[in-house]
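In case you want the letters, here they are:
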Amino acid sequence: MDTFTSQSLGKSMISRFETLTSDLRIHVTFITREGDQVHIKAAEGDNLLDIAQAHDLDMEGACGGSCACSTCHVIVDPEFYDLIPEPDDDENDMLDLAFGLTETSRLGCQVKLTKELDGLRVALPQMTRNLQARDFEKRTDERPQQ
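Small disclaimer: the values here were computed from a predicted structure and weren't measured. (Residues numbered from 1 in each chain as written. Predicted model: local features only at pLDDT ≥ 70, side-chain atom pairs only at ≥ 80, totals over all residues. Heavy atoms only, no water.)

Trainee: I keep staring at the pairing of strand E2 (residues 37–42) and nothing clicks. Help me out?
Mentor: Put simply, side chains in a regular strand alternate between the two faces of the sheet. Relative to E2, strand E1 (residues 26–31) runs antiparallel, the two being bridged by six bridges. Pairing of Ile26 across the sheet is with Ala42, part of E2. The antiparallel hairpin formed by E1 and E2 contains five residues in its connecting segment, where Gly35 sits at a positive phi of about 95 degrees. (Pairing = 2+ DSSP bridges. Helix = DSSP H or I, 4+ residues; strand = E, 2+ residues; numbered from the N terminus.)

Trainee: What am I meant to see in the environment of Ile31 here?
Mentor: With respect to the helices and strands, the residue Ile31 is situated in strand E1. Sequence separation between Ile31 and Pro125 is 94 residues; the distance between their C-alpha atoms is 9.1 Å. Excluding residues within four positions of it along the chain, Ile31 makes contact with Asp36, Gln37, Arg121, Val122, Ala123 and Leu124. (Contact = heavy atoms within 4.5 Å.)

Trainee: How should the nonpolar core be read in this particular structure?
Mentor: Proteins that are soluble and globular tend to have nonpolar side chains buried together. Counting 29 residues, the largest nonpolar core has Phe30, Leu48, Met59, Val76, Leu113 and Leu120 as its most contacted members. Among the secondary structure elements, those contributing two or more residues to this core are E1, E2, helix H2 (48–54), strand E3 (73–76), helix H3 (78–81), helix H4 (89–95) and strand E5 (120–123). Of the residues forming this core, the biggest block, four residues, is contributed by H2. Not counting the four nearest positions on each side in its chain, Leu113 is found in contact with Ile26, Val28, Ala42, Ala43, Glu44, Gly45, Asp46, Leu48, Ile51 and Leu120. (Core = buried A, V, L, I, M, F, W, Y, C linked by side-chain atoms within 4.5 Å. Buried < 20%, exposed > 50% of the residue type's maximum accessible area, 1.4 Å probe, protein only.)

Trainee: What is the right way to read the sheet that holds E5 from this model?
Mentor: Across a sheet, strands are paired by hydrogen bonds formed along the backbone, either parallel or antiparallel in direction. Spatially, the five strands line up as an open sheet ordered E2-E1-E5-E3-E4, and their pairing is mixed. Only two strands of the sheet have a single partner each, and these edge strands are E2 and strand E4 (105–107). Strand-to-strand twist of the sheet, defined as the mean angle between neighbouring strand axes without regard to direction, takes the value 35 degrees. In this structure, E1 lies alongside E5, joined through four bridges in parallel fashion. Bridging across to E5, Ile31 finds its partner in Ala123. (Axes fitted to C-alpha atoms, helices over the stretch in contact; angles between N-to-C directions.)

Trainee: Sorry, what's going on with unusual backbone geometry here?
Mentor: For residues other than glycine, phi is negative in most cases, and the peptide bonds are mostly trans. Despite not being glycine, Asp56 has its phi angle at roughly 55 degrees, a positive value. Positionally, Asp56 belongs in the loop between H2 and E3.

Trainee: What is the right way to read the side chain of Arg33 from this model?
Mentor: Within the secondary structure, Arg33 sits in the loop between E1 and E2. A distance of 2.8 Å separates a polar atom in the side chain of Arg33 from the backbone oxygen of Pro125. Aside from chain neighbours lying at most four places away, what touches Arg33 is Asp58, Leu124, Pro125, Gln126, Met127 and Thr128. (Polar contact = N/O pair within 3.5 Å; in protein donor to acceptor, adjacent residues only side chain to side chain.)

Trainee: How do you make sense of the side chain of Glu91 when you look at a structure like this?
Mentor: Along the polypeptide, Glu91 turns up in helix H4. Its relative accessible area of 2% is what places Glu91 among the buried residues. Engagement of the side chain of Glu91 in a polar contact is seen with the side chain of Arg106, the distance being 2.7 Å. Looking at Glu91, its side chain comes within polar contact range of the main-chain nitrogen of Leu107, at 2.9 Å. Filtering out sequence-adjacent residues up to four positions away, Glu91 remains in contact with Cys67, Arg106, Leu107 and Gln110.

And the structure:
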């Protein structure tokens with residue numbers, strides 16, 4: 001097989017692989033604060049915070065996705081909310097600090113995509129509140145005032 005044919009075959013196989021993997025992607029729609037809809041294809045297991053940041057959407061994630069703040073707060077379309085595993089106690093504690101909390105609020109860092117979530121729609125709230133768990137911890141380095 002000559003080089004040209006070999007390269008063409010390689011490109012054809014890559015193109016078919018990209019098509020196949022594209023079909024396996026999960027579709028997510030983010031609704032921005034301005035009301036724009038951003039359609040994204042992402043991989044199963046990705047979380048909403050990482051997806052949003054990878055596509056330059058305005059989602060801060062101040063704690064780096066460790067469930068220690070509420071800056072990745074999203075509002076999940078009610079149609080999909082029950083398809084997501086329930087939030088644990090840590091997530092619920094952080095959600096209590098979120099601005100504009102709703103019945104279908106979640107932290108983007110805690111929502112991992114599954115095949116069942118194909119077509120998921122989430123809205124970014126109008127504002128976020130950058131309060132972190134460490135803001136409420138007793139600091140051991142502080143000395144009592146005399």
